[in-house]
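# Working through the structure, step by step
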Amino acid sequence: MRDWQIMLLMVLMIIAAVFVLVGLCAAWAAVRWRKIAEKQSRVVLSGGGTGGHVNPALAIAEGIRGREPQARFLYIGVKNRAESVIVRKAGHRLRFVCSEGFPGFRFSLRFLRFLVKLGMGVVQSLVMLAAFAPKWVIATGGYVSAPVIAAALILKKLGIARISIFLHEQNSIPGQLNALMGNWVDRVLLTFPQTLSFFPKNGVIVGYPIRHSIVSIPPEEARGKLSFSIPSGREVVFAFGGSQGARTINRAIVDALPWLLPYRDRLFIIHGMGLSVTGDYESARDTESRIEKTLSGEEKALLDEFYYRQDYFHNIAEIYSVSSLIVCRSGAGSLNEISRIGKPALLIPKANLPGDHQVMNARAMKAAGAAEILYEDTIMEDGHLLEKLEGRRLAEKIIELLDNPARLRAMSENSRSFLRRNATERILNELYCEPRLADTDSYPPTPFRNLIGNTRLLRILSAARDRAGCRFDPLDAVGDLDDLQYYRHRAAGLLSHKSWEDRNLGVKLIGLTLYREKIPTLLTMLSDRTPVSRIRRMFGGDFEQVGFIRRNIVQALRVLDHFDEHVEKHLFGALADPYFEVRSQACVTAAHFGPFLEGSRAWLNALLELFHDPCFEVVIEAAKAVGEIGNEPKAAEILLGMKESHYWQVRDAALYGLRRLIDRGVVEGSPELLAAMSSFILTSTDFKPHFGIKETFSVLQDRCAKGNNAGLRALPEQPARKSQ
């Protein structure tokens, strides 16, 4: 036997030995797993990132321990997230794996990083599951659940684990990973009836499990348990943004403090700042910094009388119980806890989340009479676009609600009956394969329509505008004023996104929803000259607001149809934009606003200067715009000078400009003018049965035939320019 054959045989024997060893290990693991399951219930819990994912898992663990006090739990999460604090406080064993948020299916470096971390997380989860040998894997969402569920499915398919896999979906619209993983698990436990359509085969509506500690406590008893004191007779407002905190809510509360100070004798504000500590935002530090910047020394000296802040409240039931009003996001967890305690809420939903689930949650609670809604807006602050809620607006809404005790009492009653009860019992019925509870306390009928996604909304509004023209009203296409108002806020929210595609979509939607309040923001973006990195310049980007965005801003100004000195200033600057499509669209928009710009020497000179632009598309639109703005013979003379242009489209545009000058009475049609135009080259290089330039010339011939012999003449001085 030759040497290479011996080597090949040895390699095959090694591979076979590895397979045998793996098989023996798998068989041993399966036997061990079965023996452990017979002796003791072991449960793996997974879910994290926010308290909305962690707390349901802990509530389920409480329910299981109530039935099986000897049950053991292992919580698998991600480092430096909400579970790092909350789970340790609850006393469960905690392990970490690699994972990160799903960036979408589009290929990118971030997608590659996601795949690498997911693979590492699956391997880590395989080892942890094999060592712990659980009876159940219960995942409550968040990106940490993906590798744990994947590992459990692998072990189950290989026959190593006799394991049941449950996925709890808190939101009305599941995330992409949950929607995918949910098709493979044993049971998907749902909070909202609407979600059942995503999981028709293995979904079951159970509600949102709430920890046993979340119960209503008599206010005086709750006050006695707090680590800080609340003066008697005060109405308490509890504001928080979830376990991680919400920048919008944190900053809005601080900004509202100066407006709430006059009411400090009757108010007490409890502020949960959140645990977020990331490179972009640290909730506690940002809040402290904003207090220093926003409040004067005299105002800060008065804070202790009516304001208390803390990063996270583990005793949140006590805080709920002493509160007269809750200000928070509208995640499923917060709403279920508020409903269980029976408190009125002022909700500030996060926009542009999958399926707009927070907005839909908030609208449902408002429709039930248990909440009011404030939408955050997108503004320019310190040179950056940020989602923000004005502090004065928040303060006014808080005082408005507190000044109406009857309204608050009605909201409290409606809150208690808003969401499904006994969720933990229903989940335990599924885990232990017991008969399900009767749905006598089922959800009330859904009082709202599904919201339209951004891309589909763009198509609907674009088609409606094409049909209606100048009579376009977005309300006719949307059909509901509340929906339209939210779509406007959601479009503005896109302006603060890092992705230029999202910002571009936001600009288009602001135009088509006629959100004129955002014109100042659009103008700032149009003139933004923040440079980009060298790598981004290599791929065609010039500034942070790329050319496509600036072009669509100019188009949006035309759709919004509002003209003032600020619009004029920024539109004039767009005539010199480095991107040719922006210059072209600036000419089109200037023509649209012709009645306001006619007679302006600066505008006419700027448009005439563009006749020398290297891009003939710009020259075309400049020639048309001159026809709308020019009011002296010079404009007609220059347009006549384009008769031999290389591009027939430029010649056609010049003739169109002359036609508009005649229509507007700047020049009169006459045989002399017709003779001057007769030297235009009317042929084109396009192979068409007819040429548009000939049609334009024919119209001009008709205009001149009906004119007199005055030829080109200067009009009297034009009336004062219009303003709006």
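The structure under discussion appears in the preceding block.
So, here's what we can say about the structure. Model, not experiment: these values are computed from the prediction.

It is worth spelling out the sheet that holds strand 8 (residues 235–240) at this point. Across the sheet, which stays open at both edges, the six strands sit in the order 10-9-8-11-12-13 with parallel pairing between neighbours. A strand with exactly one partner marks an edge of an open sheet, and here the two such strands are strand 10 (307–310) and strand 13 (371–373). The mean inter-strand angle of the sheet, taken between neighbouring strand axes irrespective of direction, is 15°. Bridge count for strand 11 (residues 325–328) against strand 12 (residues 345–347) is three bridges, and the pairing is parallel.

It is worth spelling out the packing of aromatic side chains at this point. Each pair of aromatic rings is reported with the distance of its centres and the angle of its planes. All chains considered together, the criterion is met by 20 aromatic pairs. Ring geometry for phenylalanine 238 and phenylalanine 240: centres 4.7 Å apart, planes at 15°, overall stacked. An identical accessibility class is assigned to phenylalanine 238 and phenylalanine 240; each is buried. The ring of phenylalanine 132 has arginine 42 sitting right over it, with the charged end atom 5.4 Å from the ring centre.

Below, the discussion takes up a positive patch on the surface. Residues Arg34, Lys35, Lys39 and Arg162 make up a contiguous surface patch of positive charge. Position of lysine 39 among the secondary structure elements: in helix 1 (residues 3–39).

Moving on, we come to the environment of glycine 573. Relative to the helices and strands, glycine 573 is located in helix 24 (residues 565–574). Each C-alpha atom of the pair glycine 573 and alanine 586 lies 8.9 Å from the other, and the pair is 13 residues apart in sequence.

Turning to the environment of lysine 569, a few remarks are in order. The topology assignment puts lysine 569 in helix 24. Taking the relative accessible area as the measure of exposure, lysine 569 reaches 60% and is therefore exposed. Each C-alpha atom, one on lysine 569 and one on leucine 523, is 9.3 Å from the other, the two residues being 46 residues apart in sequence.

What follows concerns the pattern of salt bridges. The final tally for this structure, using the stated rule, is 33 salt bridges. In this structure, arginine 113 and glutamate 100 form a salt bridge, with 3.2 Å as the shortest nitrogen-oxygen distance. Taken together, the positions of arginine 113 in helix 4 (residues 109–132) and glutamate 100 in the loop between strand 3 (93–96) and helix 4 put the pair 13 residues apart, joining distant regions of the chain. Judged by its relative accessible area of 45%, arginine 113 is partly exposed. Under the relative-accessibility criterion, glutamate 100 is labelled buried at 12%. Where aspartate 255 meets arginine 290, a salt bridge forms, and the shortest distance between an N and an O atom there is 3.0 Å. Here aspartate 255, found in helix 8 (residues 247–260), pairs with arginine 290, found in helix 9 (residues 283–294); they are 35 residues apart in sequence, far enough to count as distant.

By the alternation rule, side chains of strand 11 split into Leu325 and Val327 and Ile326 and Cys328, which are all buried. Of the pairings in the sheet, the one linking strand 8 to strand 11 comprises three bridges and is parallel in character. Following the sheet pairing, valine 237 is matched in strand 11 by leucine 325. Note that the unit made of strand 11, helix 12 (residues 332–341) and strand 12 has a crossover that is right-handed.

Moving on, we get to helix 14 (residues 391–402). With 12 residues, helix 14 should reach 16 Å at 1.5 Å per residue; the first-to-last C-alpha distance of 17 Å fits that figure. Within the span of helix 14, buried status applies to Gly391, Leu394, Ala395, Lys397, Ile398, Ile399, Leu401 and Leu402.

Soluble, globular proteins show a tendency: their nonpolar side chains are buried together. Counting 128 residues, the largest nonpolar core has Phe238, Ile270, Leu639, Leu658 and Met677 as the members making the most contacts within it. Counting residues in hydrophobic clusters, the runner-up holds 38 residues, among them Val44, Phe111, Leu155 and Met181.

This brings us to unusual backbone geometry. Trans is the prevailing form of peptide bonds, just as negative phi is the prevailing case for residues other than glycine. One non-glycine residue, leucine 514, lies in the positive phi region at around 55°. As for its position among the elements, leucine 514 is in the loop between helix 20 (500–512) and helix 21 (519–526). Given a relative accessible area of 14%, leucine 514 falls into the buried group. Its identity as a non-glycine residue notwithstanding, aspartate 561 has a phi of 55°, on the positive side. Secondary-structure assignment places aspartate 561 in the loop between helix 23 (547–560) and helix 24. Classification of aspartate 561 as partly exposed rests on a relative accessible area of 40%.

Parameters and conventions
- Residues numbered from 1 in each chain as written.
- Predicted model: local features only at pLDDT ≥ 70, side-chain atom pairs only at ≥ 80, totals over all residues.
- Heavy atoms only, no water.
- Pairing = 2+ DSSP bridges.
- Helix = DSSP H or I, 4+ residues; strand = E, 2+ residues; numbered from the N terminus.
- Axes fitted to C-alpha atoms, helices over the stretch in contact; angles between N-to-C directions.
- Phe/Tyr/Trp six-rings, centres within 6.5 Å; stacked < 30°, edge-to-face > 60°.
- Buried < 20%, exposed > 50% of the residue type's maximum accessible area, 1.4 Å probe, protein only.
- Lys NZ or Arg CZ within 6 Å of the ring centre and 35° of its normal.
- Patch = residues over 30% accessible without salt bridge, like charges linked within 9 Å, V, L, I, M, F, W, Y side chains within 5 Å.
- Areas by Shrake-Rupley, 256 points an atom, 1.4 Å probe, with all protein chains shown as cover.
- Salt bridge = Lys/Arg side-chain N within 4 Å of Asp/Glu carboxyl O.
- Lys, Arg positive; Asp, Glu negative; His and termini not counted.
- Charge placed at Lys NZ, Arg CZ, Asp CG, Glu CD.
- Right-handed = clockwise from strand over helix to strand, strands pointing away.
- Expected span 1.5 Å × (residues − 1).
- Core = buried A, V, L, I, M, F, W, Y, C linked by side-chain atoms within 4.5 Å.

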